[in-house]
Amino acid sequence: MLKEIPPTKQTVSFLVLSFFLAVVSSWPPADHIPFVRTILYALFSFAIFLVFGYILPRRLSLAVQILFALISGIIAGQFLRITDHSRLATDGWGIIGTLFLLVLKLPILPLIFVSIVCGVVGIGDFKRLGAVGTKTILYYLGTTALAILLGLVLVNIVPFDKVPKDNTHTVSSPNDSSPQSFGRKIQKEILPHYLKSPIMTDQNPLTVILFGIMMGIALGATGTKAQPVIEVFRGLDTAFAYLIQGIMQWAPLGVFALMTHSITEQGIEYLIVLARCFLTVITGLLLHFGILIFVLLPVLGKFSPRQFLKGIAPAIEMAFSTSSSNATLPVSLECMARRVGTDSSVTHFMLPLGATINMDGTALYVAVASVFVARVYDVPLGLSGQLVIFWTALLVSIGTAGVPGASIGLLGVIFQATGIPLEGISIILGVDRILDMCRTVVNITGDCVGVVVVSHSEGLAISPRRDTVEENHRE
Ligand code: ASP
C-alpha cells in the first residue's frame, strides 16, 4: 500500500510533517538557537520518514521493518535523552506514536464484536461451543495461576536488599507532566478527542464479548433466515482484516515513535534503582514464556515452537511496542489465522476473549511487585497474605482491560486487600513502562498458544495459508 503512493507526493508529505514535528518540539525556544535546532530536528525527522516510510517498505518484510524500528527507536531515544534533545521525542515524535495507537485502537471494540460473532457462528453447534468454551476458560485460568505461582516462588527465593523509600523521587513516573507544551496538548487532548471510536465507545470489552457470544448463538439458532446476516458479519470480518493490514503498513513509523518516546522519557539508567524487582519480573516472564512455547505448545498443542514464533513475530513486536493486548489483537488475529494457520472460528472466538481475560504476564508482575513493595514497607505478608495476592491477582486480572498500565489499577486492588500502603505504587511506577512492554508480550503469547492447544484438542488441522507460506519463505 505504501509502495503505491507516488514518490513525489510521499516526499512532500514527509517534508511537511518533518517541519511540523521540528517546530512543535523546538518552540517555545529554550535557548538562543531555535532556528538551527528546528532545521536539525526537521532533517533528522525527514531522514526517519524516508527510511521507515519509503526505503525499508520496498526492501524488507513488515516483521523485519518493525524489528528494525524497535531497535533504532531504543537507540534514538537514549541518544536524544543524553544529548538533551528529549523534546523531539516527547513533544514531536510522540504525536506520530499517539496517532498510530489511536488509529489502531479505533476499530477494536467493533472488531471484538464481529470476531466473536463469527467465531461462535463458525464453531457451530452448542455442544462444540460448550467444549471449546470450557477448554478456553480452563486453559486461561490454569496458565494465569501458573504465572502467579511462578512469580511468588521467584520473589520468595530472591535475596532482598532494602530499597530506601525516598529513592522513589529519583524515579520518574511515566505520567509526569512538565508544563503542557503544544506537542503534548496534541497528544493528550486534541488527537484523543477527535480520534475516539464512534462505535461502542466506552463499553467494557467483557460486555461486548458477552453480547457477541449471545448474538452468535442467536444467529446460529435462527437457521437459514439469518444466513444473509451471517454473510454480512463474515464480510465485515474480512474488511476489518483488510483495514488492519492497511494501518499496519505504518507500524514501523509508529513503533519507532513509541519506542523513542518511552526510552527518552524513562531512560534505561534508572532501572538500577529497582534492579532486583526488575530482574525478578524479567526472569519470571522469560521462564513463563519458555514454558508456554517450549512445553505447553509442543506437548499439548503438538506444534513446532520455531514455526509458531515465526508466525506470531509481528504480534510480539506489536505487543512490545504498544504495551497493549487490545491494540495488538488485530495483528494477533491475522498472525494466527494466516501465518500460523489455526482454525479461523476458534481463533476468532479465543483471541478477543484472551486479550481481555487472560493476562499471564500481568498476573506474574503484580504478584512480584506486591511482595516487593510489601517488603519495602515492612508489611508482613506470610502465607495467608500471599494467598490473598494469588486469588486477587487471578480474579482481578480477568476483568482488567488489555491497555498500557492496566496493572497499576490491579496493584491498587491487591494493595488494599493485603494492607500494603497505596503510595507504594509510586515505587514501581518508574519501571512499570518497560516491564509493561515485556508482560504484554507474554500476555498475547499465552493467548496465541491457547488457540493452538484448543485447536489441537478439537482435532482441527493447523497449517499456514498458501499466500503466507511464500511471504514467510521470503523472510
Ligand atoms: N499492558 C498490559 C496488556 O495490555 C496490561 C498490563 O499489564 O498493564 O496486556
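Keep in mind that this is a model prediction, so the values were computed, not measured.

Student: An account of the overall build of the protein chain is requested, with residue identities and associated values reported.
Tutor: Each helix and strand in the protein chain was counted, giving 19 helices and zero strands. The buried share of the protein chain, taken over its 475 residues, is 54%. If you sum the accessible surface of the protein chain, you get close to 20,200 Å²; carbon and sulfur atoms cover 69% of it.

Student: Please set out the site of the ligand residue by residue, giving values where relevant.
Tutor: In the region of the ligand, 14 residues are neighbours, and Ser 325, Thr 362, Ser 407, Asp 436 and Arg 439 sit closest. The separation between a nitrogen atom of the ligand and a polar main-chain atom of Ser 323 is 2.9 Å. Taking Val 403, its main chain carries an N or O atom lying 3.1 Å from a nitrogen atom of the ligand. When the free accessible area of the ligand is taken as 270 Å², the share hidden by the protein chains comes to 100%. Within the residue set of the shell around the ligand, elements represented by two or more residues are helix H17 (406-418) and helix H18 (425-457). Of the residues contributing to the shell around the ligand, the split by class is three nonpolar, nine polar and two charged.

Student: Describe in detail unusual backbone geometry, supporting the description with residues and values.
Tutor: We note that Asp 84 has phi near 65°; this positive angle belongs to a residue other than glycine. Within the element layout of this structure, Asp 84 appears in the loop between helix H3 (62-82) and helix H4 (86-105). A positive phi angle, close to 55°, is found at Ser 323, a residue other than glycine. When you line up the elements, Ser 323 lands in the loop between helix H12 (305-322) and helix H13 (325-340). Relative accessible area serves as the criterion here: at 1%, Ser 323 is assigned to the buried category.

Student: Run through the packing of helix H1 (residues 7-26) against helix H2 (residues 34-55), naming residues and quoting values.
Tutor: Put simply, H1 and H2 touch, their axes get as near as 8 Å, and they point 140° apart. Considering the angle they form, H1 stands oblique to H2. By crossing handedness, the relation of H1 to H2 is classed as right-handed. Across the contact of H1 with H2, the residue classes tally to 15 nonpolar, eight polar and one charged.

Student: Requested: an account of H12, with residues and values cited.
Tutor: Spanning 18 residues, H12 covers 24 Å between terminal C-alpha atoms, matching the ideal 26 Å at 1.5 Å per step. Maximum bend of H12: about 55°, positioned at Ile 312, with proline Pro 314 one to four residues after it. Residues of H12 that are buried include every one of Pro 305, Phe 308, Gly 311, Ile 312, Pro 314, Ala 315, Ile 316, Glu 317, Met 318, Ala 319, Ser 321 and Thr 322, and no others.

Student: Could you give an account of the pattern of salt bridges, naming the residues involved and the relevant values?
Tutor: Following the criterion strictly, the structure yields nine salt bridges and no others. Glu 189 is the partner of Lys 185 in a salt bridge, and the nearest nitrogen-oxygen pair spans 3.7 Å. Taken together, the residues span about one helical turn, with Lys 185 and Glu 189 both in helix H7 (residues 182-194) at a distance of four residues. Two residues, Asp 436 and Arg 439, come together in a salt bridge whose shortest N-O distance is 3.3 Å. Taken as a pair, Asp 436 and Arg 439 lie in helix H18 at a separation of three residues, close to a single helical turn.

Student: If you had to explain the packing of aromatic side chains to someone new, which residues and values would you point to?
Tutor: Tallied over the entire structure, the rule returns nine aromatic pairs. Look at Trp 93 and Phe 256: their rings are 5.4 Å apart centre to centre, the planes differ by 80°, and that puts the pair in the edge-to-face class. Placement of Trp 93 in helix H4 and of Phe 256 in helix H10 (residues 251-266) is noted, with a sequence separation of 163 residues between them. Members of the aromatic cluster, connected to one another through ring pairs, are Phe 14, Phe 49, Phe 52, Phe 68, Trp 93 and Phe 256. The ring of Tyr 54 has Arg 58 sitting right over it, with the charged end atom 4.1 Å from the ring centre. In this arrangement the basic side chain of Arg 439 is found over the ring face of Tyr 365, its NZ or CZ atom lying 4.1 Å from the centre.

Student: Outline the environment of Ala 367, supporting the account with residue identities and numerical values.
Tutor: With respect to the element layout, Ala 367 can be found in helix H15 (residues 360-376). Sequence-wise, Ala 367 and Ala 393 are 26 residues apart; in three dimensions their C-alpha atoms are separated by 7.0 Å. Setting aside anything within four residues of it in sequence, one finds Ala 367 in contact with Ile 148, Leu 152 and Ile 389.

Cut-offs applied
- Throughout this description, residue numbers start from 1 for each chain and increase along the sequence as written.
- Totals for whole chains, interfaces and linings use all residues, but because this is a predicted model, local features are given only for residues with pLDDT of at least 70 and pairs of side-chain atoms are given and counted only at 80 or more.
- Side-chain numbers here rest on the full set of heavy atoms in the structure, without hydrogens or water.
- The way it works is that DSSP assigns letters per residue, a run of H or I at least four long becomes a helix, a run of E at least two long becomes a strand, and they are numbered from the N terminus.
- Only protein chains enter the accessibility calculation, which uses a 1.4 Å probe; a residue is then buried when its area is under 20% of its type maximum, exposed when over 50%, and partly exposed in between.
- Note on areas: these come from Shrake-Rupley sampling with a 1.4 Å probe, and a residue is covered only by the protein chains present in the view.
- Any residue with at least one heavy atom within 4 Å of a molecule or strand is counted as near it.
- Counting of polar contacts relies on pairs of N or O atoms within 3.5 Å, with two restrictions inside protein: one atom must be capable of donating a hydrogen and the other of accepting it, and residues adjacent in sequence are counted only when both atoms are side-chain atoms.
- Amino acid classes used here: Ala, Val, Leu, Ile, Met, Phe, Trp, Tyr, Cys and Pro are nonpolar; Asp, Glu, Lys and Arg are charged; the rest, including Gly, are polar.
- Note on method: axes are straight lines fitted to C-alpha atoms, helices fitted across the in-contact stretch only, with angles between N-to-C directions ranging 0 to 180 degrees.
- Angular relationships are summarised with four words: roughly parallel below 35 degrees, roughly antiparallel beyond 145, roughly perpendicular across 65 to 115, and oblique for the angles in between.
- Note: crossing handedness is left-handed where the near helix turns anticlockwise from the far helix by less than a right angle, and right-handed where it turns clockwise.
- Expected span of a helix, by definition, is 1.5 Å for each gap between consecutive residues, and there is one gap fewer than residues.
- The seven residues ending at a residue and the seven starting there each receive a fitted axis; the angle between those axes is the bend at that residue.
- By definition here, a salt bridge exists when the distance from a side-chain nitrogen of Lys or Arg to a carboxyl oxygen of Asp or Glu is within 4 Å.
- Classification of ring pairs rests on two measures: the distance between centres of Phe, Tyr or Trp rings, Trp counted by its six-membered ring, which must be within 6.5 Å, and the angle between planes, read as stacked under 30 degrees, edge-to-face over 60 and tilted in between.
- Charge over a ring is defined by NZ of Lys or CZ of Arg lying within 6 Å of the ring centre and within 35 degrees of the ring normal.
- Note on contacts: a residue pair is in contact if any heavy atoms of the two residues lie within 4.5 Å.

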